[in-house]
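A structural walkthrough
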Amino acid sequence: MQSLELFASNEQTRGYLVLGDMHWPCAIGAAGFADHKVEGDGKTPLGQFALRRLWYRADRFAPPNGPLPQRVIDRGDGWSDDPDDPDYNKPVRLPHPFRHETLWRDDALYDAFIEIGYNDAPAISGAGSAIFLHLEKNNYQPTRGCVAISRDHMMQLIPLVGVATNLHIHNQTRSFIST
């Protein structure tokens, strides 16, 4: 498998995902990139990370076939983002007694997302959680640290990436014409 690369653009909260000769615009964290991410800092972590699995809402998204393991999201799915939780930066079942994200959302942000293997082997409390490659909203609005692409681009990407694909997030600037 090829490496999926994320390069910065000339805008602090935008970048480009690159796979081979393909590239797609993306949104990144509202506070840019971080060498050392901290929970809630709004930064996208720099480094090389595995892609774990595709999560999706079957009522809103029909993913193309691809090599990533897939998990259908239901109303009881959440993700712990509470540094005091023993299940920090892991999927949890709702209701959950610690602070968490709800994966079944009213907006389309998590209609499909790829779980990025950031801070998960093992999770270090407070070093950042719930870093996903998810769908963008409002013309690539900045994220809270995730990477976001359009629904059409997610459909193009899913068949091309698997667990052997690494996402390499750089703070180097690359310029492309949007596709």
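Just above, that's the structure.
Predicted model only: the values in this text are computed from it and were never measured. (Residues numbered from 1 in each chain as written. Predicted model: local features only at pLDDT ≥ 70, side-chain atom pairs only at ≥ 80, totals over all residues. Heavy atoms only, no water.)

In this structure, Leu4, Leu6, Leu17, Ile114, Leu133, Met154 and Leu157 are the most contacted members of the largest nonpolar core, which totals 32 residues. Sorting elements by how many residues they give to this core places strand 6 (residues 47-56) first, with four residues. The residues touching Leu133, leaving out its near neighbours within four places in the chain, are Leu4, Leu17, Ala112, Phe113, Ile114, Ile116, Val147, Ile149, Met154 and Leu157. Counting 11 residues, the second largest nonpolar core, distinct from the first, contains Ile73, Trp104, Phe132 and Cys146. (Core = buried A, V, L, I, M, F, W, Y, C linked by side-chain atoms within 4.5 Å. Buried < 20%, exposed > 50% of the residue type's maximum accessible area, 1.4 Å probe, protein only. Helix = DSSP H or I, 4+ residues; strand = E, 2+ residues; numbered from the N terminus. Contact = heavy atoms within 4.5 Å.)

This brings us to the pairing of strand 14 (residues 166-173). Pairing geometry for strand 1 (residues 4-8) and strand 14, over four bridges, is parallel. Of the residues in strand 14, the one forming a bridge with Ala8 is Thr173. Across four bridges, strand 6 lies against strand 14 in antiparallel orientation. Following the sheet pairing, Ala50 is matched in strand 14 by Asn166. (Pairing = 2+ DSSP bridges.)

This part is about the packing of aromatic side chains. Evaluation of the coordinates by the stated rule reveals seven aromatic pairs. Relative to Phe132, the ring of Tyr110 has its centre 5.5 Å away and its plane inclined at 85°; by these criteria the two rings are edge-to-face. Here the residue Tyr110 occupies a position in the loop between strand 10 (100-102) and strand 11 (112-116), and Phe132 occupies one in strand 12 (residues 132-135), the gap between them amounting to 22 residues. Cluster of aromatic residues (ring-pair linked, three or more members): Trp55, Trp79, Tyr110, Phe113 and Phe132. The lysine or arginine in question, Arg105, covers the ring of Tyr110, its NZ or CZ lying 4.9 Å from the ring centre. Directly above the aromatic system of Phe7 lies the positively charged group of Arg174, at a separation of 4.6 Å from the ring centroid. (Phe/Tyr/Trp six-rings, centres within 6.5 Å; stacked < 30°, edge-to-face > 60°. Lys NZ or Arg CZ within 6 Å of the ring centre and 35° of its normal.)

With the rule as written, the count across this model stands at 13 salt bridges. We note a salt bridge from Asp74 to Arg93, for which the minimum N-O separation is 3.0 Å. Taken together, the positions of Asp74 in the loop between strand 7 (70-72) and strand 8 (77-80) and Arg93 in strand 9 (residues 91-93) put the pair 19 residues apart, joining distant regions of the chain. Residue classification places Asp74 among the partly exposed residues on the basis of a relative accessible area of 31%. Taking the relative accessible area as the measure of exposure, Arg93 reaches 47% and is therefore partly exposed. Asp107 is the partner of Lys137 in a salt bridge, and the nearest nitrogen-oxygen pair spans 3.8 Å. Taken as a pair, Lys137 in the loop between strand 12 and strand 13 (147-149) and Asp107 in the loop between strand 10 and strand 11 lie far apart in primary sequence, 30 residues in all. Under the relative-accessibility criterion, Lys137 is labelled partly exposed at 32%. For Asp107, a relative accessible area of 26% puts it in the partly exposed group. Residues joined in a network through salt bridges with shared partners are Arg71, Asp74, Asp77 and Arg93. (Salt bridge = Lys/Arg side-chain N within 4 Å of Asp/Glu carboxyl O.)

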